[in-house]
Amino acid sequence: MQRARGVGRLSAKSDRSQNRIDRLYQEGCARIRLPRVPHGAPLEAVMINTAGGLTGGDRMDWQFEAGEGARMSLTTQACEKTYKAQGEDPAAVSVRLALAENSSMAWLPQETILFDRALLRRTIDVEMAETARLLVVEPLLFGRLAMNETVIRGGFRDRWRIRVGGQLLHAEDTSFGPDIHAQLRRGAIADGNLAMTTVVMIAPEAEGLLDAARRIIGPAGGASFVSPRSSKTGKLLARIVAADSYDLRKRLAPLIRLLNADGGVPKVWTT
């Protein structure tokens, strides 16, 4: 059966306070669009999957690099829909981010939507300098409540590894399936909610934003902070659960504005 393949790569450089393209490569169904931004603003990249979604056997590979002093903001044109897989071969998405000294990167895709019997395997690998700043936001939906969609079975595997100065600072492995419906009903997982997000910020100022982040999240989740003894930076980790994407964004949008002072919420989220 015909499967979608896509590779998108983009690196940015800093040129007299302006953030510019250094290298751009796109192949297959992966496209990267670069809207105009004000002078001095982060380079904004919008990822597009022209296949219109993912299904079993599809492969997407995204790679982004911020050169020394460069600033980047990355998002998607729309939610990434993952449809029912034919067989046992999952769709696979690979994300690799690299941040040089004094650079910053905000990874802000719109929601990944899993439909019933979808299979998705995703990896996110980050290598960053100690003086770099990183914000990663990954929202996830199990069907769309407004469309009366129910996810009964399927599979989702998510693996994150973030290294700062060569040292592992954040690692997590998330797994849903095969009985996703039963898992989401468990109080310790989602308590019946269908939307959730993980937020990771690594920056020297992250600790000072912890209390404000907790006020925004409220009873919908939680946030914590950890700082390695040998590093001047630290990690803020937050998780939010909600009934649907609308309720999730009511918490998530102000949280992004707080943590992403350089660029706020991407415009494509509201267009």
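Note: the structure precedes this text.
Quick look at the structure, then. Since the structure is predicted, the reported quantities are computational estimates derived from the model, not experimental observations.

### Topic: the pairing of strand 5 (residues 59-66)
By the bridge criterion, eight bridges tie strand 1 (residues 5-15) to strand 5 in an arrangement that is parallel. Of the residues in strand 5, the one forming a bridge with Leu10 is Phe64.

### Focus on the pattern of salt bridges
Under the criterion given, the structure shown has 15 salt bridges. Here Arg122 and Glu138 are joined by a salt bridge, their closest N and O atoms 2.9 Å apart. With Arg122 in strand 11 (residues 119-128) and Glu138 in strand 12 (residues 133-142), this pair connects stretches of sequence that are 16 residues apart. A relative accessible area of 6% places Arg122 in the buried class. Salt bridges sharing common partners tie together Asp22, Arg23 and Glu65.

### Concerning the packing of aromatic side chains
For the structure shown, the criterion picks out four aromatic pairs. The interplanar angle of 10° and the centroid separation of 5.2 Å between the aromatic rings of Tyr83 and Phe115 together place this pair among those described as stacked. Residue Tyr83 is found in the loop between strand 7 (80-82) and strand 8 (91-99), and its partner Phe115 is found in the loop between strand 10 (112-114) and strand 11; the two are separated by 32 residues along the sequence. What makes Phe115 buried here is its relative accessible area of 13%. Pairwise contacts between aromatic rings join Trp62, Phe64 and Trp107 into one cluster.

What counts and how
- Residues numbered from 1 in each chain as written.
- Predicted model: local features only at pLDDT ≥ 70, side-chain atom pairs only at ≥ 80, totals over all residues.
- Heavy atoms only, no water.
- Pairing = 2+ DSSP bridges.
- Helix = DSSP H or I, 4+ residues; strand = E, 2+ residues; numbered from the N terminus.
- Salt bridge = Lys/Arg side-chain N within 4 Å of Asp/Glu carboxyl O.
- Buried < 20%, exposed > 50% of the residue type's maximum accessible area, 1.4 Å probe, protein only.
- Phe/Tyr/Trp six-rings, centres within 6.5 Å; stacked < 30°, edge-to-face > 60°.

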